[in-house]
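Here is what each chain is made of, one letter per residue.
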Amino acid sequence: MEKATKSKVDMDTIVSLSKRRGFVFQSSDIYGGLGSCWDYGPLGVELKNNIKRAWWKAVVQERDDMVGLDASILMHPQVWVASGHVAGFADPMVDCRECKHRFRADRLWIARAGTNEDAGYLSVYEDSPEEARAGLQKKAGKAPIEEPSLLSDYASYPLLAKAPCPSCGKTGTLTDPRMFNLMFKTSAGPVNPMDDLLFSLDALIAQGIAVDPEKLKAFRDNAKEQVERAQVYMRPETAQGIFVNFSNVLNTTRRKLPFGIAQIGKAFRNEITPGNFTFRSREFEQMEIEFFVMPGTDEDWLRRWLDVRYQWYLSLGIKEENLRLRQHMHTELAHYAKDCYDVEYLFPMGWAELEGIANRSDFDLRQHSQYSGKDLTYYDEEAGQHVLPYVIEPSGGVDRATLAFIVDAYDEEPDKDGTRVVLRFHPSLAPIKVAILPLSKKEPLTALAKEIHGVVRKSWMTQYDEVQSIGRRYRRQDEIGTPLCVTIDFQSLEDRQVTIRERDTMSQVRIPITDLVPTLSRMLGPEYQP
Ligand code: GAP
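Draft legend 1. The overall build of the protein, seen in detail. Helix and strand counts for the protein come out as 16 helices and 26 strands. Each of the three principal axes of the protein carries a C-alpha extent, and together these read 90 × 70 × 70 Å. For the protein, buried positions account for 50% of its 530 residues. Taking contacts inside the protein between residues at least 6 apart in sequence as the whole, the part at least 24 apart equals 66%. Here the protein displays about 26100 Å² of accessible surface, and carbon together with sulfur accounts for 52% of that area.

Draft legend 2. The site of the ligand, seen in detail. Around the ligand sit 22 residues in total, of which Glu237, Glu271, Ser281, Glu288 and Glu353 are the nearest. Between the ligand and the protein, one listed contact pairs an oxygen atom with a side-chain N or O atom of Gln286 at 3.0 Å. Here a nitrogen atom of the ligand sits 2.9 Å away from a polar atom, N or O, in the side chain of Glu393. Bound to the protein, the ligand loses 91% of the 550 Å² it would expose on its own.

Draft legend 3. View of the pairing of strand S25 (residues 497–502). Across the six residues of S25, five count as buried, placing the element largely inside the fold. Strand direction decides the pairing type here: strand S24 (residues 484–488) and S25, joined by four bridges, are antiparallel. Its bridge partner lying in S25, Leu484 is registered against Glu502. Counting the residues that bridge the hairpin from S25 to strand S26 (residues 508–512) gives five residues, and of these Met506 lies at a positive phi of roughly 60°.

Draft legend 4. Broad picture of the sheet that holds strand S23 (residues 462–464). Taken together, the five strands give an open sheet; going across it, the order is S23-S22-S24-S25-S26, and neighbouring strands pair in mixed fashion. Of all the strands in the sheet, the pair left with one neighbour each is S23 and S26. Taking the axes of each pair of neighbouring strands and ignoring which way they run, one obtains an average angle of 25° across the sheet. Across the sheet, helix H16 (residues 516–524) touches strand S22 (434–438), S24, S25 and S26, and the angle it forms with S25 is around 10°.

Draft legend 5. Quick peek at the sheet that holds strand S5 (residues 102–104). In space, the three strands of this open sheet follow the order S5-S4-S9, with antiparallel pairing throughout. The sheet is open, and its two edges are formed by S5 and strand S9 (178–181), each paired on a single side. Within this sheet the neighbouring strands show an average axis-to-axis angle of 45°, counted without direction. For strand S4 (residues 90–95) and S9, the ladder comprises four bridges, and the chain directions are antiparallel. Note that in S9 the partner of Pro92 across the bridge is Met179.

Draft legend 6. Representation of the nonpolar core. Residues Phe23, Trp312 and Phe405 are the most contacted members of the largest nonpolar core, which totals 58 residues. Here this core takes eight residues from helix H12 (residues 398–409), the largest share from any one element. Not counting residues within four places of it along the chain, the set of residues in contact with Trp312 comprises Ile51, Ala54, Trp55, Ala58, Met287 and Phe405.

Draft legend 7. Representation of unusual backbone geometry. The step from Leu257 to Pro258 runs through a cis peptide bond, and the omega angle for that step is -5°. Here the amide bond leading from Glu443 into Pro444 is cis, since omega sits at 0°, within 30 degrees of zero. In this structure, Ser36 takes a positive phi of about 60° despite not being glycine. Residue placement: Ser36 occurs in the loop between strand S1 (24–26) and strand S2 (38–40). With relative accessibility at 12%, the residue Ser36 sits in the buried group. Despite not being glycine, Gln468 has its phi angle at roughly 75°, a positive value. Within the secondary structure, Gln468 is located in the loop between S23 and helix H14 (470–480).

Draft legend 8. Local environment of the pattern of salt bridges. Summed over all chains, the structure comprises 46 salt bridges. Taking the shortest distance from any N to any O, the salt bridge between Asp95 and Arg102 comes out at 2.8 Å. When the shortest N-O distance is used, the salt bridge between Arg309 and Glu355 registers 2.8 Å. Separated by 46 residues along the polypeptide, Arg309 in helix H10 (residues 298–315) and Glu355 in strand S16 (residues 350–361) bring together distant segments of the chain. Note on accessibility: Arg309 and Glu355 belong to one class, buried. Members of the salt-bridge network, linked through shared partners, are Asp411, Glu413, Asp415, Arg420, Arg424, Arg475, Asp478, Arg501, Arg503 and Asp504.

Draft legend 9. Region of interest: a nonpolar patch on the surface. On the surface, Leu198, Leu201, Leu204 and Ile205 cluster together to form a nonpolar patch covering roughly 360 Å² of accessible area. For Leu201, the position within the fold is in helix H6 (residues 193–207). Owing to a relative accessible area of 34%, Leu201 belongs among the partly exposed residues under this scheme.

Conventions adopted
- Residues numbered from 1 in each chain as written.
- Predicted model: local features only at pLDDT ≥ 70, side-chain atom pairs only at ≥ 80, totals over all residues.
- Heavy atoms only, no water.
- Helix = DSSP H or I, 4+ residues; strand = E, 2+ residues; numbered from the N terminus.
- Buried < 20%, exposed > 50% of the residue type's maximum accessible area, 1.4 Å probe, protein only.
- Contact = heavy atoms within 4.5 Å.
- Areas by Shrake-Rupley, 256 points an atom, 1.4 Å probe, with all protein chains shown as cover.
- Near = heavy atom within 4 Å.
- Polar contact = N/O pair within 3.5 Å; in protein donor to acceptor, adjacent residues only side chain to side chain.
- Pairing = 2+ DSSP bridges.
- Axes fitted to C-alpha atoms, helices over the stretch in contact; angles between N-to-C directions.
- Core = buried A, V, L, I, M, F, W, Y, C linked by side-chain atoms within 4.5 Å.
- Salt bridge = Lys/Arg side-chain N within 4 Å of Asp/Glu carboxyl O.
- Patch = residues over 30% accessible without salt bridge, like charges linked within 9 Å, V, L, I, M, F, W, Y side chains within 5 Å.

Here is the structure:
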């Protein structure tokens, strides 16, 4: 399958539609917004719930080898020491002294361009090496470019002085990379140590006490200890909730390897360079699976999950030309990963990660065993020995999936009034499945329409709309992706029949009201073919 090279829609169009129709709003909008935090509106929450439901159905409900879990967001702080997040969950960050832009050094690419006499350095800020190469070549024009280097590689540090800022283009303005921990901290317990500290400082100031350096140091050390004792982290991934519950699930379900645990939940990251709408947010939701397997079968299970997860997106309507798998380069692998692939989607800003599928080896169970002192092995009855399972982790983002499904569904086509905007959602994802539209807002038509609405809404999310012309109402439903509209006209009062209008083909069928629910069910069901 030949892959597309450019998204058919730009991000501004998606952002504007999302706000206008109530999919996604900026968080705390009336206060000027909070950067990279988003609120899902009435349609967005339906779409997001449908995506989560479809995921859960595919990976838990319809599989024999999976169970679910819902772990708490706040966990024992040692979890994050064992997992490597306290020491290692940090992005290298580079600032431009001139234009004040901040970049992740592991997305900042630099390459030498040109022939010997007029060679110079060019830089781009891209997610993947292919995009980096393409972007650099575009900047270089006809001049040849060398293989790009990432500024986060130690070997590239000498290039920093030669690297132009990708934003303002000035050379020599980039700072050395600094590590920036992505975990949000908060405190647990009745006393917030920071408040306590401020209170004590206020008391000292009010009493006008001259500060004795010894006492000040003791005071500072005590405050530090208090802060550290109460400190907890907002989880940066849901995965660790699964690892620390491995024995609980094993003991209560008596599962045999291979088996997996699925979880959907919020995660928090203090991203340095958030952006691209909901793509990189500070608060987001993950749909994660930790699939425990016998060591030695891990590579085979990784391949199986790659296929399962790739097919899931296609089964819900993502166009194959906009989806691809990309294996991580060795330098990209997370500290826990033996191997990793990204399912990438062609977002308006280019190809980017939708879901990561990693072989985490036995890293996490080994670490938690060591730090907790608890035995997290599995007893292999056949071999008569304890083993530490390997883990395959398909980890997707609900917000990224929601964005990808909106982008992929977006379509425009000319019609007699100008342009028809349609979100061609798969019926199982569409926020509203059926719209009930009486031709006029007059009685007794509306009474019949409301009666029908009362019946249909028991099975599906519906909208009742009697405002403006029927043509406008169809367009409103097309724009939010409603697959079916039911129109009730004056003839319906006589013959007890209604019209079903289909979103994609705009074809219409007239059916008896008594057949309405089974017909809608058939049209929205798995055999539904627009
Ligand atoms: N447990 C593994 C893990 O968390 P990850 O690649 O860092 O791996 C998994 O995250 C998925 O979570 C990503 O593929 C993406 O869909 C989503 N994700 C990660 N960071 C995100 C962010 N800042 N905003 C929105 N989604 C994010």
